[in-house]
There are 2 protein chains.
Amino acid sequence: MAETLFDLPLVLLSNRGPLTFDRDSSGRTVSRGSGGLVSALAGLAEHLDDHVWVCGAASEEDAAVARENTDGRVAVQMHPFPHVVEGDPDGPALRVRIVETDPAAYADFYGVWSNPILWFIQHGLYGRTLSPVLTQSDHTAFESGYAAVNLAYADAVVDEVRARGGKAVVLLQDYHFYLVAEHVRRQCPDVVLTHFIHIPWPSADDWRILPPAIRERLLYGLLGSDVVGFHTRRYATHFVQSVQELLGLPVDLDELTITVGDRTVRARYYPISVDPAALDSVAGSAEVVEYAATLEQFFRDEGRQLVVRVDRTDPSKNVVRGFLAFGALLDQHPELVGRVGFLALLQPSRTDVTEYADYIALVGAVVAEINARHTKDGRQPIDLRMVEDFPLAVAAYKVCDVLMVSAIADGMNLVAKEVAVVNQRDGVLALSENVGAHEELGEFAVTLHPFDIQQMAEALYEALTMPAPDRHRRMQAAGEQVRTYDVARWLNDQIDDLRRLAGFV
Amino acid sequence: MAETLFDLPLVLLSNRGPLTFDRDSSGRTVSRGSGGLVSALAGLAEHLDDHVWVCGAASEEDAAVARENTDGRVAVQMHPFPHVVEGDPDGPALRVRIVETDPAAYADFYGVWSNPILWFIQHGLYGRTLSPVLTQSDHTAFESGYAAVNLAYADAVVDEVRARGGKAVVLLQDYHFYLVAEHVRRQCPDVVLTHFIHIPWPSADDWRILPPAIRERLLYGLLGSDVVGFHTRRYATHFVQSVQELLGLPVDLDELTITVGDRTVRARYYPISVDPAALDSVAGSAEVVEYAATLEQFFRDEGRQLVVRVDRTDPSKNVVRGFLAFGALLDQHPELVGRVGFLALLQPSRTDVTEYADYIALVGAVVAEINARHTKDGRQPIDLRMVEDFPLAVAAYKVCDVLMVSAIADGMNLVAKEVAVVNQRDGVLALSENVGAHEELGEFAVTLHPFDIQQMAEALYEALTMPAPDRHRRMQAAGEQVRTYDVARWLNDQIDDLRRLAGFV
């Protein structure tokens, strides 16, 4: 598909690249990175004659590869097994340019500005009364970290575009690189460029947490794009509104366009999705089938029902209120005690950050309290597992009666889409109105309002008592939606828009 | 002025009324309430033949008055001294209708919903990770408290409008009464009605803290108005945007109008202000003159400079970061230590609420730490006084070199306008970009970005070192602005708009 659409070279940029170099007893190893984004983009890129993926060194071995190769460029063929090729590859290959930056600068870029500051602002996580307190050291970290690393990556992108005669399709990924597009635009005015943002875009008031000296640079940086891409119309609208309010530029809120000098910048929404074929294959694997049988036996015996959630332990995921709502459900419907179990698979995340560590402790406290109150016949209502185990998660997706996604804010949330593809029990999606997936799947789900545990308890009750025909119809429709709007569609829609802008159609 | 503009009866509604009844050894007493709003509206109302001010009973004696009089109606002549009149008053009089509600309902209305929930949402004070957690009891408090009390007040308004043949100008005040306008509109379709909101209006995402069952009722309640009034264009824009996003109604963001069925609702901004003549009179009083002399002697001797702030101890006022910024200023400019003093007059507020009490403790801790670090020659840099003393505040306004207003969010902030009227030292206004007054006075001020203590420290330095001619020009211009757009203008602009809507011009 995609390779026939392209008449221009492709330059990609993301912080984490599609390949990971490592070292074991046999020497250097190379493997494909995980995640839907990498699968989607790598699947496209390796079939293009002229492409390069600019990314950061994520390991010691990545850095070593970067240093050994001219400008950090390396080509890898994925078949029959991933291996570096010298010279012109014969057949599909991924071309990567690994950028190594100063470790102190990278620490400020990643550990001070990208996470937590931008992450917290865009997910609305700051309790503004006391946090953040931005100090001189944050200003320094912005200049010598975020801005410096952005410039280093932008220089690499410019270099690759120039090596291709100054014309290329450029795809920038996420909140790490808000300053790149403007720099690339200035150096290479003929690029066609989409910056896609995978997390929510909040309102102007949230951006006012940053002083204008910084927020205006971030916004003008993004406006070097032709298209700024989001998962939902809501985020795209907030982007245009915040540009209007904070920069005073002329905008069209119906068309979602912004006028910057003689250029027009478009805000667009392309909901990211999953790869249904790959998921089906995992769901049918022996390991998942065995896990699913065990879960059935353990949680769904004698007609018991199973609620599942799968999340990182990020405060934005709202795990604590989710459990409080489940506790309120059991308080208000004692007939459910012993009849409904809750399996929570939580992947510990950023445990070196105080807020995250404290949040995990609070999760444990709330679970213990609810289990102490509602254990019956030796069966405790909540089974909390701090693990990252994708086959186990897929097994839980297959057999759950309710999936709970209660996030305060979440760019998309692919768990909801994964469940829609593999669930075999006509499970009900219980989706927060503040996750991107709600814009597509909300009509087939019960909606959760994430600050209101009473409302969430009532929604869980509705999900658990929904008549079978309704559950069936909704889950069928959700599955069809996701299979139609899959990750290939996400990418194709972006490419179609860029081709139109580049004048190819 | 205003009395000649009016061809219709006037019905006012606010939670706190213009009169306070009390009891001393001589029996029942009556006095005029304090505050700019009461002065402005009472000055208008008492000269109108046909008006009534509906308000709540704020004291035991208010409740007694309400019970003794038919429908809680009472008329008070303010001259030569405030006294209740029986029958038709001869000359100007304030007609008040005091509404008494069930104490438990009022507690839920005021102590659960108006403050803190609506106040916290509209000032962006919730740290969303863990607060709020809305429970069944909050839902109950909404129905039996906020909604019930709104209905009781709305019934009183309807009753007064009907007693006037169903046609009246109705002015509703503030966030306590979001459900009133719709009810009045349904019962009395011929009213001309402005609901004025004195606190900030945040974005749709902030309103999503409430479940739709509640936020949609609040919004539709307000849309019973002809005009929804705010202090600034920013708030009015946010209101129209949030109605568009949360209710899906058609809006015009340039005209700031909303279409509701066959009606058009207008969002307008009327910045509230002060009464310059009344302020001049206070500033010239013997008490203030004496205070000012003492402050000059104590703080401004030997060319020392004085920074002043006057605030309630509400977390929205951002007192802690304000002091941290002052501390950073002294750290970075040791030459200022011993040369600049900071007088902070803070009125303790809502000390029965945990967040408020904790906040006061933190203020004390931060001040002690900075004073311990920077006391020089027996002179400590910060003088923190937990007092409410208006004459002392006005004296500080007169003699300060810098006024600091660092709020995270503040509907208007009249302190900035009071200083602009009475300051005699060409003081510099240092104003947060998030206070309503910044929209009018920002160009004459140095702007503070309230989450960024480094930026605030630099702005304070700029203010303290600003050349005399610049300071003079700015303070002159700010004073002129406030004297031109005074509180009478605030009211007249609203009335002019309503007269146009009612077809009188």
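Note that the structure is predicted; figures quoted are calculated from it, not measured. (Residues numbered from 1 in each chain as written. Chains lettered and ligands numbered in written order. Predicted model: local features only at pLDDT ≥ 70, side-chain atom pairs only at ≥ 80, totals over all residues. Heavy atoms only, no water.)

**Brief notes about the overall build of chain A**
Defined as follows: We count a stretch as a helix when DSSP gives it H or I for four or more residues in a row; a strand needs E for two or more, and each element gets its number in order from the N terminus. The buried label goes to any residue with under 20% of its type's maximum accessible area, the exposed label to any with over 50%, and the partly exposed label to all in between, with areas taken from a 1.4 Å probe on protein chains only. Any two residues having at least one pair of non-hydrogen atoms within 4.5 Å are treated as being in contact. Surface accessibility in these figures is a Shrake-Rupley result with a 1.4 Å probe; residues are shielded only by whichever protein chains are displayed. When charges are tallied, Lys and Arg are placed among the positive residues and Asp and Glu among the negative ones, while His and the ends of the chain are skipped. Throughout, a charge is located at the NZ atom of Lys, the CZ atom of Arg, the CG atom of Asp or the CD atom of Glu.
A count of helices and strands for chain A gives 19 helices and 19 strands. Each principal axis of the C-alpha distribution contributes one length, and for chain A these read about 70 × 55 × 45 Å. Sorting the 505 residues of chain A into buried and exposed places 61% on the buried side. Put simply, of all contacts in chain A between residues at least 6 apart along the chain, 76% involve residues at least 24 apart. With the model as given, the accessible surface of chain A reaches about 18700 Å², and the carbon-plus-sulfur share is 50%. The positive charge centre, built from 44 side chains, and the negative charge centre, built from 71, are 2 Å apart in chain A.

**A word on the relation of the copies chain B and chain A**
Relating one copy of the chain to the other takes a rotation about an axis and a shift parallel to that axis. Just so we agree on the cut-off: The copies were overlaid with a least-squares fit restricted to C-alpha atoms from residues scoring a pLDDT of at least 70 in each copy.
Once chain B is rotated about the relating axis by 180° and shifted along it by 0.0 Å, it coincides with chain A to within an RMSD of 0.1 Å. In the structure described here, the two chain copies are related by an operation that fits a two-fold rotation axis. By C-alpha distance to the rotation axis, the residue of chain B lying nearest is Gly127(B), at 1.6 Å. A shared interface surface links the copies, since 100% of the contact residues of chain B are contact residues in chain A too.

**Thoughts on the interface of chain B and chain A**
Where the parts come together, the accessible area they lose is often given as the size of the interface. Put simply, the rule reads: Each of two parts loses accessible area, computed with a 1.4 Å probe, when they are put together; buried area is these two losses added. A pair is scored as a salt bridge if a Lys or Arg side-chain nitrogen falls within 4 Å of a carboxyl oxygen belonging to Asp or Glu. Here a polar contact means two N or O atoms within 3.5 Å. Within protein one must be a hydrogen donor candidate and the other an acceptor candidate, and residues neighboring in sequence count only if both atoms are side-chain atoms.
Listed as interface residues are 43 residues of chain B and, on the opposing side, 43 residues of chain A. Carbon and sulfur atoms make up 51% of the area that chain B and chain A hide from each other, which totals about 3700 Å². Counting across the chain B and chain A interface gives eight salt bridges. As a salt-bridge pair, Glu433(A) and Arg208(B) come within 2.9 Å of each other at their nearest N and O atoms. The interface formed by chain B and chain A includes 21 residue pairs in polar contact (both at pLDDT 80 or more). Those elements that place two or more of their residues in the side of chain B that touches chain A are α5 (136–162), α7 (204–207), α8 (212–222), α9 (233–247), α12 (319–332), α13 (354–374) and α17 (453–464) of chain B.

**A few points about the sheet that holds strand β15 (residues 340–347) of chain A**
Residue and element names in this part refer to chain A. Defined as follows: Two strands pair if DSSP finds at least two bridges between them. The axes are straight lines fitted to the C-alpha atoms, using for helices just the contacting stretch, and the angles between their N-to-C directions are given from 0 to 180°.
Taken in spatial order, the six strands line up as β16-β15-β14-β17-β18-β19 in an open sheet, and their pairing is parallel. Every other strand in the sheet has two partners, leaving β16 (382–385) and β19 (446–448) as the edge strands with one partner each. Averaged over all pairs of adjacent strands, the angle between strand axes in this sheet comes to 20°, irrespective of strand direction. Two strands pair when backbone bridges link them, and strand β17 (residues 402–405) and strand β18 (residues 428–432) are joined in this way by four bridges, in the parallel orientation. Bridge pairing links valine 402 to valine 428 in β18. Here helix α12 (residues 319–332) sits on the sheet and contacts β14 (305–312), β15, β16 and β17; the angle it forms with β15, its principal contact strand, is near 175°.

**Section: the packing of aromatic side chains**
What counts is decided by this rule: To pair, rings of Phe, Tyr and Trp, with the six-membered ring standing in for Trp, must have centres within 6.5 Å; the planes then decide the type, stacked if under 30 degrees apart, edge-to-face if over 60, and tilted in the middle.
Considering all chains together, one arrives at 42 aromatic pairs over all chains under this definition. Consider the rings of Tyr153(A) and Phe177(A), whose centres lie 4.9 Å apart with planes at 40°: the pair is tilted. Separated by 24 residues along the polypeptide, Tyr153(A) in helix α5 (residues 136–163) and Phe177(A) in the loop between β8 (169–173) and α6 (180–187) bring together distant segments of the chain. In terms of burial, Tyr153(A) and Phe177(A) fall into one category: buried. Relative to Phe239(B), the ring of Phe230(B) has its centre 5.4 Å away and its plane inclined at 45°; by these criteria the two rings are tilted.

**Notes on the pattern of salt bridges**
For the structure on display, the rule yields 79 salt bridges over all chains. Linking Asp331(B) and Arg373(B) is a salt bridge whose minimum nitrogen-to-oxygen distance equals 3.0 Å. Of this pair, Asp331(B) sits in helix α12 while Arg373(B) sits in helix α13, placing them 42 residues apart in sequence. Classification of Arg373(B) by relative accessible area gives partly exposed; the value is 39%. Here Glu440(B) makes a salt bridge to Lys417(B), at a shortest N to O gap of 2.6 Å. Pair noted here: Glu440(B) is in helix α16 (residues 437–441) and Lys417(B) is in helix α15 (residues 414–422), with a separation of 23 residues, a long-range link. Of the two residues examined, Glu440(B) and Lys417(B), each falls in the buried class. Each of Asp50(A), Asp71(A), Arg73(A), Arg97(A), Asp159(A), Glu160(A) and Arg164(A) takes part in one network of salt bridges that share partners.

**Regarding the pairing of strand β9 (residues 192–196) of chain B**
All names here are of chain B. In plain terms, the rule: Handedness is read with the strands pointing away from the viewer; a crossover is right-handed when the path from the first strand over the helix to the second is clockwise.
By the criterion of burial, β9 is predominantly enclosed, with five of the five residues buried. Taking every second residue as pointing to the same face, both faces of β9 are buried, with Val192, Thr194 and Phe196 on one and Leu193 and His195 on the other. Of the strand pairs in this sheet, strand β8 (residues 169–173) and β9 are connected by five bridges, and their pairing is parallel. In the sheet register, valine 170 faces β9, and the bridge partner there is leucine 193. One crossover worth recording links β8 to the parallel β9 by way of helix α6 (residues 180–187), and it is right-handed. Alignment of β9 against strand β10 (residues 227–230), held across three bridges, turns out to be parallel. The partner of threonine 194 across the bridge, within β10, is valine 227.

**With respect to α12(A)**
Residue and element names in this part refer to chain A. Here is the rule we go by: A helix is expected to reach a length of 1.5 Å times the quantity of its residues less one.
Here α12 is 14 residues long and its end C-alpha atoms lie 20 Å apart, about the 20 Å a rise of 1.5 Å per residue gives. Most of α12 sits inside the fold, with 11 of its 14 residues counted as buried. What α12 keeps buried is the set Val319, Val320, Arg321, Gly322, Phe323, Ala325, Phe326, Gly327, Ala328, Leu329 and Leu330. Where α12 is buried, its residues contact β14, β15, α13 (354–374), β16, β17 and α17 (453–464).

**Observations concerning the packing of α5(B) against α6(B)**
All names here are of chain B. Here is the rule: By convention the crossing between two helices is left-handed if the near helix lies anticlockwise of the far one by an angle smaller than a right angle, and right-handed if it lies clockwise. Gly is placed with the polar residues, together with every amino acid not listed as nonpolar (Ala, Val, Leu, Ile, Met, Phe, Trp, Tyr, Cys and Pro) or charged (Asp, Glu, Lys and Arg).
At a closest axis distance of 9 Å, the pairing of α5 and α6 adopts a crossing angle of 35°. The handedness of the crossing between α5 and α6 comes out as right-handed. Together, Asn150, Leu151, Ala154, Asp155, Val157, Val158 and Arg162 of α5 and Val180, His183, Val184 and Gln187 of α6 make up the contact between the two elements. Across the contact of α5 with α6, the residue classes break down as six nonpolar, three polar and two charged.

**Focus on the domain arrangement of chain A**
Residues and elements named next belong to chain A. Operational definition: Each domain's limits were defined by an automated method or a database of domain assignments.
Looking at the assigned domains, one finds that chain A contains domain 1 (2–99), domain 2 (103–148 + 200–272 + 488–501) and domain 3 (276–484). For domain 1 versus domain 2, the distance between C-alpha centres works out to 27 Å. In this assembly, 10 residues from domain 1 lie in contact with nine residues from domain 2. With both sides pooled, the region where domain 1 packs onto domain 2 buries about 770 Å², and carbon together with sulfur makes up 67% of that total. There are zero salt bridges connecting domain 1 and domain 2. Elements with a contribution of two residues or more to the side of domain 1 that touches domain 2: α1 (2–5) and α2 (36–45). For the side of domain 1 that touches domain 2, the element with the highest residue contribution is α2, accounting for four residues. Class assignment for the residues of the side of domain 1 that touches domain 2 results in seven nonpolar, one polar and two charged.

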